[in-house]
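# Observations on the three-dimensional arrangement
These are the residues of each chain, in order.
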Amino acid sequence: MVSRVIPVEDFDLVIFGATGDLARRKILPGLYRRFVSGQMPDGAQIIGAARTDQDDAAFQAETRAAIIEFGKVTEGDADLDRFLKHLHYVAIDAKGEGGWKELKSKMREGVVHAFYFSVAPSLFGDIAERLAKHDIADDDSRIVVEKPFGRDLESARALNKVLSQHFDEQQIYRIDHYLGKETVQNLMAVRFANILFEPLWNAQYIDHVQITVAETVGVGGRGSYYDNSGAIRDMVQNHMMQLLCLIAMEPPYHFDPDAVRDEKLKVIRALEPVAPTEIVRGQYQANGEPGYLEDAENPQSRTESYIAMKVRVSNWRWQGTPFYLRTGKKLRARTSEIAITFKEPPHSIFEDAGAAGEPKANELIIRLQPNEGMDLKVMIKEPGPGGMRLVQVPLDMTFADALGPDAADVTDAYERLIMDVIRGNQTLFMRGDEVEAAWAWTDPIIQAWDEGKARPEPYDPGSSGPDEALGLMHRDGRRWREIRS
Ligand code: NAP
């Protein structure tokens, strides 16, 4: 299957923080791939901005090295030189007045203007203010802001306020790169482009949902940053909340930014507060390698590197169907998946007919990574003689197998999202009220931990997390799925 690439309009994209880690690892290599695919037009200009004093040639050389290192590109790649010609650089201190006039002189009329704030959130206000003051941004300009969007409701509100002084909500693109993942978008396609699932997609037919985002890496290298946030701020408030929304939301009337985001917001607002007994927090221990406390360089840290929780969506569709979320570092395998366990059939016609094999509930497993695809577990008769023996088999669809070699080369989330910014499509970006609602739900959980001062439960690196997390499901007569890639 050949994918169709439609070039976007000509654009000027200014990357504040162009010398930083995110720009080097994701943004610039992502833009390069869009260039190679033909999606980035000849009339595109990328302007790097940061305090480092350097000229265009130095920025291009740095970008070349970054693309070779992180974009899996070889030194002699013919497209690289052509791509680098699109790059320029302006030295700007977000807090100072130098460089802005030069930036303005580089911006062209009649093309899309986008400004990527790949800097610390404390600089968002300075940049927004100076873009307005120097008349660089106008009513059609777009700004892209990175996570974390605040660390609680109050700080998220403050950021929204600062940005809204200079930009309308339609101009603000808050990145949650999970939303740019191919399979995450597929959640919407599976639910809303098929008749098969939607009639069963409710508490009457679904027993429970498990959402797992497991990592094998620890926090080493970014320990002090992570220690300030923990799993709830780093993963639950944003990425896992978005996954939950896509599973739980009502069908939007249209695949349109506000229609989709309105429905997601309703889910977040319907989340019940979570009781402390329904949350398990963990911290990985030392085990030959440094444990969390050493990685975070904070022997007293009470920050969680693992969290499991039972979440209820309080509305008609989901009354009685819990959502179990878990995420953690240094776990057994790197995997992200959503498992939907259906209820067992109300009556088994096979039970009294001498049938062997336990009937099992159907399961739909949506694998986000690795090995993107879907797996629907259904009961069938085991082939061969010997009477009616029931067995559960997976109807396994790996997207790369089903869609051919192009599917294996799926666009990275950042690439897709940047192109959406240029196209002016906000569907895969979080709206301000969504982010605030998510913090409003998370804040009391964090406050209760801060007040309780309890330590997270220790767990072994390479395990599935603390044993206490098993109890969270056992109490309900359910089990976590095994963590494996
Ligand atoms: P970083 O490596 O520390 O880079 C920060 C960038 O900001 C550098 O280019 C730095 O360049 C520039 N900068 C700092 N102070 C400045 C100022 N006063 N004026 C202008 N530029 C300034 O950070 P990062 O990891 O790239 O992260 C950038 C943003 O993305 C942060 O908000 C982060 O939370 C978010 N994020 C990062 C990742 C990731 O994987 N790295 C993932 C998700 C979200 P100079 O020193 O030359 O000024």
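For clarity, every value in this text was computed on a predicted model and none was experimentally measured. (Residues numbered from 1 in each chain as written. Predicted model: local features only at pLDDT ≥ 70, side-chain atom pairs only at ≥ 80, totals over all residues. Heavy atoms only, no water.)

This brings us to the pairing of strand E13 (residues 373-381). Regular strands place side chains that alternate from one sheet face to the opposite one. As paired elements, strand E12 (residues 363-369) and E13 share five bridges and run antiparallel to each other. Bridged to Arg367 within E13 is Gly373. Hairpin connection between E12 and E13: a loop of three residues separates the two successive antiparallel strands, and Asn371 in this loop has a positive phi of roughly 65°. Bridge count for E13 against strand E14 (residues 390-398) is nine bridges, and the pairing is antiparallel. The residue of E14 that forms the bridge with Lys377 is Pro394. (Pairing = 2+ DSSP bridges. Helix = DSSP H or I, 4+ residues; strand = E, 2+ residues; numbered from the N terminus.)

Once that is clear, we can look at the site of the ligand. Near the ligand you find 21 residues, and of these Thr19, Asp21, Arg25, Thr52 and Val119 are the closest. The contact in question runs from an oxygen atom of the ligand to an N or O atom on the backbone of Leu22, over 2.8 Å. At 2.4 Å, a side-chain N or O of Thr52 approaches an oxygen atom of the ligand. In isolation the ligand exposes 890 Å². Once the protein is present, 74% of that is buried. (Near = heavy atom within 4 Å. Polar contact = N/O pair within 3.5 Å; in protein donor to acceptor, adjacent residues only side chain to side chain. Areas by Shrake-Rupley, 256 points an atom, 1.4 Å probe, with all protein chains shown as cover.)

With that out of the way, let us pick up the sheet that holds strand E11 (residues 335-342). Sheet architecture is open: nine strands sit in the order E14-E13-E12-E11-E7-E10-E9-E8-E15, paired in mixed fashion. The outermost strands of the open sheet, each flanked by one partner alone, are E14 and strand E15 (457-459). Averaged over all pairs of adjacent strands, the angle between their axes in this sheet comes to 20°, without regard to strand direction. Bridge analysis of strand E9 (residues 306-311) against strand E10 (residues 323-328) gives six bridges, and the strand direction is antiparallel. Opposite Met309, over in E10, you have Leu325 as the bridge partner. Packed on one face of the sheet, helix H7 (residues 182-192) meets E11, E12 and E13 and runs near 150° to E12. The strands touched by helix H9 (residues 230-248) within the sheet are strand E7 (206-214), E9, E10, E11 and E12, with E10 carrying the most contacts at an inclination of about 145°. (Axes fitted to C-alpha atoms, helices over the stretch in contact; angles between N-to-C directions. Contact = heavy atoms within 4.5 Å.)

On to the sheet that holds strand E5 (residues 142-145), then. Strand order in the open sheet formed by six strands is E3-E2-E1-E4-E5-E6, and the pairing between neighbours is parallel. Two strands in the sheet have a free side with no partner beyond their single neighbour: strand E3 (87-91) and strand E6 (172-174). Sheet twist, expressed as the mean angle between neighbouring strand axes with direction ignored, is 20°. Packing of helix H1 (residues 21-37) onto the sheet brings it into contact with strand E1 (11-16), strand E2 (45-50), E3 and strand E4 (112-117), and relative to E1 it is tilted by some 170°. Across the sheet, helix H14 (residues 413-423) touches E1, E4, E5 and E6, and the angle it forms with E4 is around 140°.

Looking now at the pattern of salt bridges. The full count for this structure, using the stated rule, is 40 salt bridges. Between Asp126 and Arg130 there is a salt bridge, with its nearest N and O atoms 3.6 Å apart. Of this pair, Asp126 and Arg130 both sit in helix H5 (residues 124-133), four residues apart, which is roughly one turn of that helix. Note on Asp126: relative accessible area 16%, which makes it buried. In this structure, Asp476 engages Lys310 in a salt bridge whose closest nitrogen and oxygen atoms are separated by 2.8 Å. Placement of Asp476 in the segment after helix H16 (468-474) and of Lys310 in strand E9 is noted, with a sequence separation of 166 residues between them. (Salt bridge = Lys/Arg side-chain N within 4 Å of Asp/Glu carboxyl O. Buried < 20%, exposed > 50% of the residue type's maximum accessible area, 1.4 Å probe, protein only.)

Next up on the list: the UniProt feature "domain: Glucose-6-phosphate dehydrogenase NAD-binding" (unreviewed entry) in the chain. Taking the UniProt record as the reference, the feature "domain: Glucose-6-phosphate dehydrogenase NAD-binding" (unreviewed entry) is found at residues 14-186. Across residues 14-186, helical content stands at 42% and strand content at 16%; the span's end C-alpha atoms are separated by 30 Å. (UniProt positions renumbered as here; feature names shortened; annotations may be inferred.)

A few words on helix H15 (residues 432-452). Taking 1.5 Å as the rise per residue, H15 with 21 residues should run 30 Å; its terminal C-alpha atoms sit 30 Å apart, in good agreement. Regarding H15, the residues found buried are Gly432, Glu434, Val435, Ala437, Ala438, Trp439, Trp441, Thr442, Asp443, Ile445, Ile446 and Trp449. Elements in contact with the buried residues of H15: helix H6 (153-164), E6, H9, helix H10 (257-269), strand E8 (279-284) and E9. Remark: Lys453 follows H15 within two positions and exhibits a positive phi of approximately 55°. (Expected span 1.5 Å × (residues − 1).)

The next subject is unusual backbone geometry. Pro148 follows Lys147 through a cis peptide bond whose omega is 0°. Mapped onto the elements, Pro148 comes out in the loop between E5 and H6. Here the amide bond leading from Gln369 into Pro370 is cis, since omega sits at -10°, within 30 degrees of zero. The residue Pro370 is located in the loop between E12 and E13 in this model. Of note, the phi angle at Asn371 is positive, near 65°, even though the residue is not glycine. Residue position: Asn371 is located in the loop between E12 and E13. A relative accessible area of 46% places Asn371 in the partly exposed class.

Axis separation between H1 and H14 bottoms out at 8 Å; the angle between their running directions is 70°. Taken together, the axes of H1 and H14 lie roughly perpendicular to each other. Judged by the twist between their axes, the crossing of H1 over H14 is right-handed. Where H1 abuts H14, its residues Leu22, Lys26, Ile27, Gly30, Leu31, Arg33 and Arg34 lie against Tyr414, Glu415, Ile418 and Met419. Residue composition of the contact of H1 with H14, grouped by class: six nonpolar, one polar and four charged. (Parallel < 35°, antiparallel > 145°, perpendicular 65-115°, else oblique. Left-handed = near helix turned anticlockwise from the far one by under 90°. Nonpolar A, V, L, I, M, F, W, Y, C, P; charged D, E, K, R; others polar.)

Attention now goes to the UniProt feature "active site" (unreviewed entry) in the chain. UniProt's entry tags His239 with the feature "active site" (unreviewed entry), counted in the numbering of this structure. As for its position among the elements, His239 is in helix H9. Contact partners of His239, with chain neighbours within four places excluded, come to Lys147, Asp176, His177, Tyr178 and Asp234.

According to the stated counting rule, one finds 14 aromatic pairs in the structure shown. Ring centres of Phe16 and Trp100 lie 5.7 Å apart, and the angle between their planes is 35°; this geometry places the pair in the tilted category. One end of the pair, Phe16, is in strand E1; the other, Trp100, is in helix H4 (residues 100-106), and 84 residues separate them in sequence. The class for Phe16 is buried, based on a relative accessible area of 3%. Ring plane angle 75° and centroid distance 5.3 Å describe the contact between Tyr32 and Phe83, whose orientation is recorded as edge-to-face. In this pair, Tyr32 is assigned in helix H1 and Phe83 in helix H3 (residues 78-84), connecting sequence segments 51 residues apart. (Phe/Tyr/Trp six-rings, centres within 6.5 Å; stacked < 30°, edge-to-face > 60°.)

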